[in-house]
Amino acid sequence: MRIGYCSWGMMNVDIEEVVPAVAGIGYHGLELAVTPNWPTELYSLDAGKRRRIAELLDQYDLVLTGVAGHTSMCEDDPEKNAVNMKRLRDTIDLTDELRQDGEPAITASLIGGREDEWETKKELIAERVAALGDYAASHGVIFAVEPHSGTAFDLPERALWLMETLNHPAVRLNFDISHFDIRGIGIDECVPQMVPWSVSTHVKDQRGIYPNHEFLTPGSGPFDFVHYLTAMHAAGYTGFIGMEVSVMVQRKPGYDPFVDAALGYYALRHAFNKSGAPLAPPRS
């Protein structure tokens, strides 16, 4: 396994600062957030900016662990859905363009919607995810959907239903255990279920039970990362552990993205050391 950083945690930091900082802390890789309001918003990236991102990743020896395009696939309005589906296809195109030799090209997204919409929309969701999976497959990209609290796609059984129903080679999960932990779903319950379908991960720290929960940065809460990494290794996961800082944390007064990036990295390094789970050597 390797440790990655999600640029989601640097909403107000230019990519020219993000990449050297992340590399300097010791991360092996970077997930690029291209959602609205981030400095690397998808449609702000012209050809020159895309080349520059590739150059920076190469210069600082960072793997592009994924491109986060979080866009709803649950819109009822046909015109809004068409815009969203195009945005996700364009995100897949960017992922393809930035691909690196020897590494999987991964586009990650939430599915969106409301918790109470799952039963009425799950077939529609499956149809739309399958179409994006077909598009991703035609570009050699993996489309990873993320189970997320507060959305239609929020629980392990819903993730398993979608994966087993589609059984699509280019559709996998981005497994963020924080969204199950705040529902009281333990490591030993969800890790063996999710890992066989997971191509990438996010981790945060957290306390409390949804909806009265609080997301935290790894190292500042009670989540047992040693147990988590041990379970992930036992389940056969070999990809990136992606450290993500929630917007809930970023909104706090005095938030310093560089301090939290370092805190999360060293919390995970410590957990790897204690767990004995295999971790790639630190970057040179």
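Heads up: these notes are all about the structure in this document. Just so you know, these numbers come straight off a predicted model, no measurement behind them.

**Looking at the packing of helix H5 (residues 156–166) against helix H7 (residues 187–194)**
Contact pair H5 / H7: the axes reach a minimum separation of 10 Å and the direction vectors enclose 10°. Between H5 and H7, the angle falls in the class roughly parallel. Residue-level contacts link Pro156, Ala159 and Leu160 of H5 to Cys190, Gln193 and Met194 of H7. In terms of residue class, the contact of H5 with H7 is made up of five nonpolar, one polar and no charged.

**Some thoughts on unusual backbone geometry**
Residues Tyr210 and Pro211 are joined by a peptide bond in cis, for which omega reads 5°. Assignment of secondary structure puts Pro211 in the loop between strand E8 (205–209) and strand E9 (212–216). Phi is positive for Asp61, which is not a glycine, with a value near 55°. Residue classification places Asp61 among the partly exposed residues on the basis of a relative accessible area of 48%.

**Remarks on the layout of surface pockets**
Volume-wise, the largest pocket comes out at about 270 Å³. Along its surface, the largest pocket is lined by 15 residues, and Trp8, His148, Phe215, Ser246 and Val247 are the ones closest to its centre. Mapped by element, the contributors of at least two residues to the lining of the largest pocket are E9 and helix H9 (247–250). Among the residues making up the lining of the largest pocket, the classes are represented as five nonpolar, five polar and five charged. Approximately 200 Å³ is the volume found for the second largest pocket. In this structure, the second largest pocket is lined by 20 residues; those nearest its centre are Thr65, Ile106, Val199, Gly239 and Phe240. Looking at which element gives the most residues to the lining of the second largest pocket, the answer is strand E7 (residues 198–202), with four residues. Class assignment of the residues belonging to the lining of the second largest pocket gives a composition of eight nonpolar, nine polar and three charged.

**Details of the pairing of E8**
As paired strands, E8 and E9 are joined by five bridges and run antiparallel to one another. Paired with Arg207 across the two strands is Glu214, which belongs to E9. The loop that links E8 with its antiparallel partner E9 comprises two residues.

**Thoughts on the environment of Arg51**
For Arg51, the location among the structural elements is in helix H2 (residues 47–59). A relative accessible area of 52% places Arg51 in the exposed class.

**Quick word on the side chain of Thr91**
Structurally, Thr91 is set in helix H3 (residues 78–97). Thr91 gets classed as buried once you look at its relative accessible area, which sits at 0%. Those residues in contact with Thr91 that sit more than four places away from it in its chain are Val34, Leu42, Val67, Gly69 and Thr107.

Conventions adopted
- Residues numbered from 1 in each chain as written.
- Predicted model: local features only at pLDDT ≥ 70, side-chain atom pairs only at ≥ 80, totals over all residues.
- Heavy atoms only, no water.
- Axes fitted to C-alpha atoms, helices over the stretch in contact; angles between N-to-C directions.
- Helix = DSSP H or I, 4+ residues; strand = E, 2+ residues; numbered from the N terminus.
- Parallel < 35°, antiparallel > 145°, perpendicular 65-115°, else oblique.
- Contact = heavy atoms within 4.5 Å.
- Nonpolar A, V, L, I, M, F, W, Y, C, P; charged D, E, K, R; others polar.
- Buried < 20%, exposed > 50% of the residue type's maximum accessible area, 1.4 Å probe, protein only.
- 1 Å grid on protein atoms, 1.4 Å probe; cavity = no way out; pocket = protein on both sides within 12 Å on 5 of 7 lines; lining within 4 Å.
- Points joined across faces, edges and corners; volume = space filled by probe spheres on them.
- Pairing = 2+ DSSP bridges.

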